[in-house]
Every structure is written in C-alpha cells, then in structure tokens.
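# Summary of structural features
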Amino acid sequence: NAGVTQTPKFQVLKTGQSMTLQCAQDMNHNSMYWYRQDPGMGLRLIYYSASEGTTDKGEVPNGYNVSRLNKREFSLRLESAAPSQTSVYFCASSEVGGGTYNEQFFGPGTRLTVL
Amino acid sequence: QQPVQSPQAVILREGEDAVINCSSSKALYSVHWYRQKHGEAPVFLMILLKGGEQKGHEKISASFNEKKQQSSLYLTASQLSYSGTYFCGTRDNAGNNRKLIWGLGTSLAVNP
C-alpha cells in the first residue's frame, strides 16, 4: 500500500499562473482533506470531501477549488496563484469521519512557492 | 475555536519526561494527537473520546478531562526519536463530524 500520494513534491509558480495539486489514496477511505501549513500557523483546512461526489469548504477556501474525481482521488486547483498561497499543502484521508474514531493519514506534502 | 497548546516549545535531555497540554474554550467530543518531524507529514499518535475510550500507540499515554475541556499528552523517558512538533486536533460537540480544528503545535527537542 502506498497510502496517500501527492504530486508534485515541489512547485514554483509565477503570480497569476494556475496549477492543480493531485492527491490519491489506496486505502478505500471515504473522507479526504486538503490542508495548508504555514510557519507558526499549524494546519488549516482548505476543503474536504466527506464522500465521493461531495465537497465542502474549510477554514481558508478562498482562491482554491477542488474536485473529488472518484473515491481515490481528490485534487486542489489554484486558478490564479498569489504569493500568499506560498505554503506546504497536505492531503489527508480517513476511513469515515476523521473527527471521531478514525485517524487521518497524511500525504508527504507539496511545497509550493509563488513568486 | 482553535485549541490552545502549551507549552509552545520544550527542550529535554534524553530520558526526561514532558507533558503537552491542549485546551479548548468549547466542550469537546474528541481530541486527536499527531507528531510531525521536520520536513515530513504529520503522523497519528492517539485519539481520546468523550467517555474515556482511547485509540493509539502503546508507548504514549494521554488524558482527556471533559470538564476542563483539556487533554494532556505524556511523554515519559523521552528518546531522541520523540523530537518533532506535536499537534492536537479537536472536535467539539456541535462541530461537523468530519472536521478537526488544529492547535498551533508544541515543538519538542530531545537532546543526548
């Protein structure tokens, strides 16, 4: 089992460019999440998907869109990147609701720099 | 409401003990603990549920005081491998079942 995989690992963008971060899990989990992590800010939820076909906003959704392509894959899109979106992005998944009995499994992260 | 972790940072010598606290202003249903090493992803340590149920690693202990709306993580006889940043994530009674609210983390350094 690969667990949660993310691509790319590193990315440098210019302001205004767009890109999609990819995430896939092979644990047959229902719930998937996108977080960003900035120094001193902890983990902040951008979007999550409770199950295939559903998505909901988290704490910091502005400037991002998501697609739950199927049960395995959950992508995050930056339509017009801004320097404020420079961050480390983590994708995570959990079996059902990660807020109760089930732990969240994290991908290795994507380190994004917007110039 | 974001939970508050204390202390912000701890420096230990190998073999010493530490306690990391996570407090919330809201009633909590569950508390999750994760450890993140530098440059890596967070890794699950433990879940504590209202009512006393726990799920997690055998070598790590934690408590959950529902009345005080607080959880504590106990790291005993620390090893070099314990170094990293510890995060608590909380779910309150009224919160969405699928979301955790995360604290800002406690940095732990264990020196030889």
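The structure reproduced in this document is the subject of the present report. (Residues numbered from 1 in each chain as written. Chains lettered and ligands numbered in written order. Predicted model: local features only at pLDDT ≥ 70, side-chain atom pairs only at ≥ 80, totals over all residues. Heavy atoms only, no water.)

### Regarding the overall build of chain B
If you tally the helices and strands in chain B, you get zero helices and 11 strands. For chain B, the N- to C-terminal ordering of α and β elements is β-β-β-β-β-β-β-β-β-β-β. Rg of the C-alpha trace for chain B: 13 Å, near the compact-globule value of 13 Å for 112 residues, within the 12% margin. The principal-axis extent of the C-alpha atoms belonging to chain B is close to 45 × 25 × 20 Å. Counting only contacts in chain B whose residues sit at least 6 apart along the sequence, the fraction spanning at least 24 positions is 56%. (Helix = DSSP H or I, 4+ residues; strand = E, 2+ residues; numbered from the N terminus. Rg over C-alpha atoms; globule rule 2.2 N^0.38 Å. Contact = heavy atoms within 4.5 Å.)

### Some points on unusual backbone geometry
Here the residue pair A:Thr7 and A:Pro8 is connected by a cis peptide bond, since its omega of -5° sits within 30 degrees of zero. By secondary structure assignment, the location of A:Pro8 is in the loop between β1 (4–7) and β2 (10–13). In this chain, B:Ser6 is followed by B:Pro7 through a cis amide linkage whose omega measures -5°. Structurally, B:Pro7 can be placed in the loop between β1 (4–6) and β2 (9–13).

### So, the interface of chain B and chain A
Accessible area lost during the coming together of the parts is what is often quoted as the interface size. Opposite the 25 residues of chain B that make contact, chain A presents 25 residues. Taken over both partners, the interface formed by chain B and chain A buries close to 2,000 Å², and the fraction arising from carbon and sulfur atoms is 57%. At the boundary of chain B with chain A, the tally comes to zero salt bridges. Counting across the chain B and chain A interface gives four residue pairs in polar contact (both at pLDDT 80 or more). Broken down by secondary-structure element, the contributors of at least two residues to the side of chain B that touches chain A are β4 (28–36), β5 (43–49) and β9 (84–92) of chain B. With five residues, β4(B) is the largest single contributor of residues to the side of chain B that touches chain A. For the side of chain B that touches chain A, the per-class residue count stands at 11 nonpolar, eight polar and six charged. (Buried area = accessible area lost by both parts, 1.4 Å probe. Salt bridge = Lys/Arg side-chain N within 4 Å of Asp/Glu carboxyl O. Polar contact = N/O pair within 3.5 Å; in protein donor to acceptor, adjacent residues only side chain to side chain. Nonpolar A, V, L, I, M, F, W, Y, C, P; charged D, E, K, R; others polar.)

### Observations concerning the packing of aromatic side chains
By the definition in use, this model includes 10 aromatic pairs over all chains. Relative to A:Tyr48, the ring of A:Tyr33 lies with its centre 6.4 Å away and its plane at 20°, an arrangement referred to as stacked. With a gap of 15 residues between them, A:Tyr33 in strand β4 (residues 31–38) and A:Tyr48 in strand β5 (residues 42–49) connect regions that are remote in the sequence. We note that A:Tyr33, like A:Tyr48, is buried. Between A:Phe90 and A:Phe106, the aromatic rings sit 6.3 Å apart at their centres with planes inclined by 85°, giving edge-to-face as the arrangement. Placement of A:Phe90 in strand β9 (residues 87–94) and of A:Phe106 in strand β10 (residues 105–106) is noted, with a sequence separation of 16 residues between them. Note on accessibility: A:Phe90 and A:Phe106 belong to one class, buried. One aromatic cluster is present, formed by A:Tyr33, A:Tyr35, A:Tyr48, A:Phe90, A:Phe106, B:Tyr34, B:Phe44 and B:Trp102 through successive ring pairs. The residue whose ring lies beneath B:Arg91 is B:Tyr29, and the NZ or CZ to ring-centre distance is 4.4 Å. (Phe/Tyr/Trp six-rings, centres within 6.5 Å; stacked < 30°, edge-to-face > 60°. Buried < 20%, exposed > 50% of the residue type's maximum accessible area, 1.4 Å probe, protein only. Lys NZ or Arg CZ within 6 Å of the ring centre and 35° of its normal.)

### Section: the pattern of salt bridges
Pairing is possible between side chains of opposite charge, provided their charged atoms come close. Residue and element names in this part refer to chain A. Within this structure, the stated rule accounts for three salt bridges over all chains. The residue Asp-38 makes a salt bridge to Arg-36 at a minimum N-O spacing of 3.0 Å. We note that Asp-38, like Arg-36, is buried. Here Asp-38 ties to Arg-44 by a salt bridge, and the two come within 2.7 Å at their closest N and O atoms. Taken together, the shared-partner salt bridges connect Arg-36, Asp-38 and Arg-44 into one network.

### A look at the sheet that holds strand β7 (residues 64–68) of chain A
Pairing between the strands of a sheet is mediated by backbone hydrogen bonds and can be parallel or antiparallel. Residues and elements named next belong to chain A. The strand order β1-β3-β8-β7 describes an open sheet built from four strands, whose pairing is antiparallel. On the outer flanks of this sheet lie β1 and β7, each paired with one strand and no other. Averaged over all pairs of adjacent strands, the angle between strand axes in this sheet comes to 15°, irrespective of strand direction. (Pairing = 2+ DSSP bridges. Axes fitted to C-alpha atoms, helices over the stretch in contact; angles between N-to-C directions.)

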